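# Understanding the architecture of this molecule
Read off the chains here:
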Amino acid sequence: MKKVLTAGIIALVIELIGMAVNYFYYQSHGWLLMSHKGFGGEITIEHGFGLRVVHIYAMTPGESGSVMLSFSPTSFLTFFVVLFFVVLIILFAAEKLQKK
C-alpha cells in the first residue's frame, strides 16, 4: 500500500510540474511544449498534462484565428494514470534489484 501511495504522490508531482512547464511555455510561445497534437482542416488541438489548447485558423481573408487554453480533466487523468503505472513499475523494479 505504501508503494501505491508513493507512486500516486510522485505521479501527481510530475503531473503538476509538467502542467506548470506547459502553461508558462504557452504564455511565452502560444503552444504547449510537451503535448500530443491533433491536426484537422482549420484546427489544431494540443493535449498535455491536463491542459488543452485549441488553435482555430482563419480560412478566408478578413477573418482572424483564435487560440483557447483550458483545463482538460480527461488529459489530466490520462497522463496521471500513465505516470502512476510507470512510477509504480519503477518502484517495484528498484525493490527487486535491492533484494538481490
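For the structure given in this document, a descriptive report is provided here. (Residues numbered from 1 in each chain as written. Predicted model: local features only at pLDDT ≥ 70, side-chain atom pairs only at ≥ 80, totals over all residues. Heavy atoms only, no water.)

What follows deals with the packing of helix H1 (residues 2-29) against helix H2 (residues 73-99). At a minimum axis separation of 8 Å, H1 and H2 run at an interaxial angle of 130°. One finds that H1 runs oblique with respect to H2. Considering how the two elements wind past one another, H1 and H2 form a crossing that is right-handed. On H2, the residues touching Lys-3, Val-4, Thr-6, Ala-7, Gly-8, Ile-10, Ala-11, Leu-12, Ile-14, Glu-15, Leu-16 and Met-19 of H1 are Ser-75, Phe-76, Phe-79, Phe-80, Leu-83, Phe-84, Val-87, Leu-88, Leu-91, Phe-92 and Glu-95. (Axes fitted to C-alpha atoms, helices over the stretch in contact; angles between N-to-C directions. Helix = DSSP H or I, 4+ residues; strand = E, 2+ residues; numbered from the N terminus. Parallel < 35°, antiparallel > 145°, perpendicular 65-115°, else oblique. Left-handed = near helix turned anticlockwise from the far one by under 90°. Contact = heavy atoms within 4.5 Å.)

Grouped together as the largest cluster of nonpolar side chains are 13 residues, with contacts concentrated most on Ala-7, Met-19, Leu-32 and Phe-84. Those elements that provide at least two residues to this core are H1, strand E3 (51-56) and H2. It is H2 that provides the largest number of residues to this core, a total of five residues. Setting aside residues no more than four positions away along its own chain, Ala-7 makes contact with Phe-84, Val-87, Leu-88 and Leu-91. (Core = buried A, V, L, I, M, F, W, Y, C linked by side-chain atoms within 4.5 Å. Buried < 20%, exposed > 50% of the residue type's maximum accessible area, 1.4 Å probe, protein only.)

One open sheet accounts for four strands, arranged E1-E2-E3-E4; its pairing is antiparallel. The sheet is open, and its two edges are formed by strand E1 (36-39) and strand E4 (66-71), each paired on a single side. Each strand axis lies, on average, 15° off the axis of its neighbour in the sheet, ignoring direction. Sheet topology places E3 next to E4; six bridges connect them, and they run antiparallel. By the bridge assignment, Ile-56 is partnered in E4 with Ser-66. (Pairing = 2+ DSSP bridges.)

Turning to unusual backbone geometry, a few remarks are in order. Of note, Phe-49 is a non-glycine position whose phi angle comes to about 50°, a positive value. When you line up the elements, Phe-49 lands in the loop between strand E2 (43-48) and E3.

Shape is all these values report; function is a separate question.
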